[in-house]
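# Residue-level structure breakdown
Here is what each chain is made of, one letter per residue.
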Protein chains: 2
Amino acid sequence: MNIIELIDNMRAGKEAALARLISLAERNDPQLSDVMQKIQPQLGHAYTIGITGPPGAGKSSLTNQLTQQLRQQDYTVGIIAIDPSSPFTGGAVLGDRVRMEDHYLDPGVFIRSMASRGSHGGLARAAKDAIKILDASGKDFILVETVGVGQTELDVMQTVDTVAVVLVPEGGDAIQMLKAGLMEIADLFVVNKADRDGAPQIVSALKSILHLKYTTSGNITKRESAGDDVWEVPVVATQGISGEGVGEMLARINKHREFIQASGELEHRRKQRRREDLLSQLQYLMRETLEQACKESDDIHTLVNRVVAGDDASHAVIGKLLPLTLDYMQNQSKNL
Amino acid sequence: MNIIELIDNMRAGKEAALARLISLAERNDPQLSDVMQKIQPQLGHAYTIGITGPPGAGKSSLTNQLTQQLRQQDYTVGIIAIDPSSPFTGGAVLGDRVRMEDHYLDPGVFIRSMASRGSHGGLARAAKDAIKILDASGKDFILVETVGVGQTELDVMQTVDTVAVVLVPEGGDAIQMLKAGLMEIADLFVVNKADRDGAPQIVSALKSILHLKYTTSGNITKRESAGDDVWEVPVVATQGISGEGVGEMLARINKHREFIQASGELEHRRKQRRREDLLSQLQYLMRETLEQACKESDDIHTLVNRVVAGDDASHAVIGKLLPLTLDYMQNQSKNL
């Protein structure tokens, strides 16, 4: 089946076509750029929600509950679950997905797990393309669930409209996670497993830290402020298993959506996102060509090996290496 | 004071000089490349140990205990603590460091905290240079402590000789962390807070997963295997606060050191590391020039803006954008 048929079938709601298109994105298929160009006009309908936080915070069950609520309101939902891959944990990863099983039969819900391969921006790139494909398929909401707080995850979170950061009471997680850089990206904090000890303390701790943030001048970043208006990041307590508090979580997400739409922040974010996408694709392309250059160009190979052998500091050769690499890349780019 | 004096003073054990050189690395000072070239001949003495794992696992107290034991054996120690930065959590970060206070007065210990800024490989680059500078300063051991399991942290962990992954009993952390990709980089697992419920279960769960790993053919990667010999990743139970089990942890680290030295794996890793360092520096340089090109070149600016506005898919312009960017970079690199 050719690309146009695939896209038409996807637009017509055929899950198999959607799945195949996302697979193209996952393996960075040569046809992908064709696909992305063709779906470009259909982008922008879906509202994307990121759900991130430490491992074990219960993100999968929250995603599950949110999906249920969105379905009750007749919205279609696409879910991208980003699981770091390990040959030894496939089982555990699947374990999480099992909770989503009740949605597998629902044509209004499409679920895809993507695996992190620690590749140079590879997963982030694939996930971003998959989100666009889901958007083009006409889904109303796209939920993006990431494990951990790594650069890849942060990259992916920068491509969603609303970021919910999920924390759990124990292990001093709240403060630790703020240290892990989640404070800056959170549009909403969710304290999950709120039935456990210490939950109220963490909720109030978060609130006071956030209050401090809004009363400390200079700490309001562009993405938070809309003119004189400021989005005050709310803190919601939930129980992912029972679903308690998930209604309020969704209400806050919708409030945030209204806020960034009214303030023009949504459009601003999406522009930023498209710029960052483009530049990181370019950067990724260069990295690949660079690896190739090390193998194929003798001059480059020789310089690199002097550093590998420890004879030269990388700083000593980089001045010579850069122009050589650029020459090589230019010859390659002509064949693109 | 010029670079040569600074390096001489550092080599002579002057902490102020060492601190200033690391600061050059942190802000990617123009003089840095000069420094790195000059210290190149002095590299390779220090043995570097990475201590990583989920937030709240007690990595700082383990680092503290390890330092104490190494000092009792008269080894000098350099510590790089990588703290993701947030304007609101400086306090919390310092809180961790306080535990190290007893070492601050010890001239045989040098401690430096470095902050993550989510920069494009910026922190990883700075941390790697700082490790080299500590190496050149003559430290016997360098402990590198990272919070979280992000790409930056993984990059940094790839620059150390032995990686200790720290887990805690609660929150299903063990399995979750394996999902987060730590399985592959661990030379040693440490179950900290071993006095808590569930510690024995996690120790045995880890051991059985690891056993599975060694009995499943094809899962032994190059970095683990040395000829027919295989390093079987041990699991150690510790209590970071009391120091219980830390002696065994250090013993296992030394065993791993002997193993990778005998097998030639250490040299292999260090070569890989120098190669990756060089290529990522090159990549980082290109990314910076790329950002600059978007501002300064009208042609590039125009193409980028079509994507930013949503008029074109990034895939549609990248073919034109790449050669333009390479041209721009080439002109820039002449001024390097």
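No experiment lies behind these values; they were computed from the predicted model shown.

The secondary structure content of chain A amounts to 14 helices and nine strands. Of all 336 residues assigned to chain A, the portion counted as buried reaches 57%. Summarising the internal contacts of chain A: among those between residues at least 6 apart in sequence, 77% fall at separations of at least 24. Taken as a whole, chain A presents about 13,200 Å² of accessible surface, with 51% of it coming from carbon and sulfur.

Moving on: helix α14 (residues 314-334) of chain B. The α-helix winds at 3.6 residues per turn, so residues separated by three or four positions along the chain end up facing the same way. The end-to-end C-alpha separation of α14 of chain B is 29 Å, in line with the 30 Å expected for 21 residues at 1.5 Å each. Taken together, the buried positions of α14 of chain B are occupied by S314, H315, V317, I318, L321, L322, T325, L326, Y328, M329, Q330 and S333 of chain B. Turning to α14 of chain B, the residues buried within the fold contact α3 (32-39), α7 (122-136), α12 (265-296) and α14 (314-334) of chain A together with α12 (265-296) and α13 (298-308) of chain B.

Residue and element names in this part refer to chain B. Restricting attention to buried positions, one finds in helix α1 (residues 3-11) the residues I3, L6, I7 and M10. The buried residues of α1 occupy an angular sector of 95° when the element is viewed end-on, so they sit on one face. Turning to α1, the residues buried within the fold contact α2 (15-26), α3 (32-39) and α7 (122-136). Its side-chain oxygen at 3.0 Å from the backbone nitrogen of I4, N2 defines the N-terminal cap of α1. With its phi angle positive at about 95°, G13 sits one or two positions after the end of α1.

Let us now look at the pairing of strand β4 (residues 141-146) of chain A. Among the six residues in β4 of chain A, six count as buried, and that is most of the element. Neither face of β4 of chain A is exposed, since F141, L143 and E145 of chain A on one face and I142, V144 and T146 of chain A on the opposite face are all buried.

A few words now on the packing of helix α11 (residues 246-263) of chain B against α12 of chain B. Residue and element names in this part refer to chain B. Interaxial distance between α11 and α12 falls to 5 Å at its minimum, and their mutual angle equals 85°. Taken together, the axes of α11 and α12 lie roughly perpendicular to each other. Facing α11, whose interface residues are H256, I260, Q261 and S263, α12 presents E265, L266 and R269. The residue inventory of the contact of α11 with α12, partitioned by class, reads two nonpolar, three polar and two charged.

Attention shifts here to the pattern of salt bridges. Counted according to the given criterion, the structure contains 36 salt bridges over all chains. Between R270 of chain B and D161 of chain B there is a salt bridge; the shortest N-O distance is 2.8 Å. Of this pair, R270 of chain B sits in helix α12 while D161 of chain B sits in the loop between α8 (151-157) and β5 (162-167); the two residues are 109 residues apart in sequence, bridging distant segments of the chain. This pair shows no difference in class: R270 of chain B is buried, exactly as D161 of chain B is. Sharing partners across several salt bridges, the network here consists of R275 and E276 of chain A together with R287 and E291 of chain B.

Here we come to the packing of aromatic side chains. The geometry of two aromatic rings is summed up by the distance between their centres and the angle between their planes. For the structure shown, the criterion picks out six aromatic pairs over all chains. Consider the rings of Y75 of chain B and F141 of chain B, whose centres lie 5.0 Å apart with planes at 75°: the pair is edge-to-face. A residue pair is termed long-range when its members are at least 10 positions apart, and Y75 of chain B in the loop between α4 (59-72) and β2 (77-84) and F141 of chain B in strand β4 (residues 141-146) qualify at 66 residues. F141 of chain B sits in the buried class, given a relative accessible area of 3%. Aromatic side chains W231 of chain B and F259 of chain B sit 5.6 Å apart centroid to centroid with 45° between the ring planes, which places their arrangement in the tilted category. With W231 of chain B in the loop between β8 (229-230) and β9 (235-237) and F259 of chain B in helix α11, this pair connects stretches of sequence that are 28 residues apart. Among the aromatic side chains, those forming a connected cluster through ring pairs are Y47, Y75 and F141 of chain A.

Now for the pairing of strand β1 (residues 47-52) of chain B. All names here are of chain B. Taking burial as the measure, the six residues of β1 include six buried ones, the bulk of the element. Burial along β1 is two-sided: Y47, I49 and I51 facing one way and T48, G50 and T52 facing the other are all buried. Here five bridges tie β1 to β4, and the two strands are oriented parallel to one another. Within β4, the position partnered with G50 by the bridge is V144.

Attention now moves to unusual backbone geometry. One can expect most non-glycine residues to show negative phi and most peptide bonds to be in trans. Residues and elements named next belong to chain B. One non-glycine residue, N28, adopts positive backbone phi at about 50°. Looking at where N28 falls in the secondary structure, it is placed in the loop between α2 and α3. For N28, a relative accessible area of 33% corresponds to the partly exposed category.

Residue and element names in this part refer to chain A. Per-residue confidence for chain A averages 83 on the pLDDT scale, and 82% of its residues sit at or above 70. Predicted confidence in chain A is weakest over helix α5 (residues 90-98), with a mean pLDDT of 42, and strongest over helix α11 (residues 246-263), with 96. The low-confidence segment residues 85-96 (pLDDT under 50) makes 24 contacts with residues lying over four places distant or belonging to another chain. Confidence over residues 217-226 falls short of pLDDT 50; this stretch has 24 contacts with residues more than four positions distant or in other chains. Interface confidence for the predicted complex, expressed as ipTM, amounts to 0.74; the pTM equals 0.68.

For the rest of this paragraph, the subject is the packing of helix α13 (residues 298-308) of chain A against α14 of chain A. Residue and element names in this part refer to chain A. Between α13 and α14, the least distance of the axes is 10 Å, while the angle of their chain directions is 160°. The angle between the axes of α13 and α14 places the two elements in the roughly antiparallel class. Of the two possible hands of crossing, α13 and α14 adopt the one that is left-handed. Residue-level contacts link D299, I300, L303, V304 and V307 of α13 to S314, V317, K320, L321, L324, T325 and Y328 of α14. For the contact of α13 with α14, the class distribution of residues is eight nonpolar, two polar and two charged.

The next point concerns the side chain of R270 of chain A. All names here are of chain A. Relative accessible area serves as the criterion here: at 14%, R270 is assigned to the buried category. At 3.2 Å, the side chain of R270 forms a polar contact with the backbone oxygen of A46. Dropping the residues within four chain positions of it, R270 is found in contact with G44, A46, Y47 and D161.

Thresholds applied
Residues numbered from 1 in each chain as written. Chains lettered and ligands numbered in written order. Predicted model: local features only at pLDDT ≥ 70, side-chain atom pairs only at ≥ 80, totals over all residues. Heavy atoms only, no water. Helix = DSSP H or I, 4+ residues; strand = E, 2+ residues; numbered from the N terminus. Buried < 20%, exposed > 50% of the residue type's maximum accessible area, 1.4 Å probe, protein only. Contact = heavy atoms within 4.5 Å. Areas by Shrake-Rupley, 256 points an atom, 1.4 Å probe, with all protein chains shown as cover. Expected span 1.5 Å × (residues − 1). Arc of directions from axis to C-beta. Polar contact = N/O pair within 3.5 Å; in protein donor to acceptor, adjacent residues only side chain to side chain. Axes fitted to C-alpha atoms, helices over the stretch in contact; angles between N-to-C directions. Parallel < 35°, antiparallel > 145°, perpendicular 65-115°, else oblique. Nonpolar A, V, L, I, M, F, W, Y, C, P; charged D, E, K, R; others polar. Salt bridge = Lys/Arg side-chain N within 4 Å of Asp/Glu carboxyl O. Phe/Tyr/Trp six-rings, centres within 6.5 Å; stacked < 30°, edge-to-face > 60°. Pairing = 2+ DSSP bridges. pLDDT = per-residue confidence, 0-100. Left-handed = near helix turned anticlockwise from the far one by under 90°.

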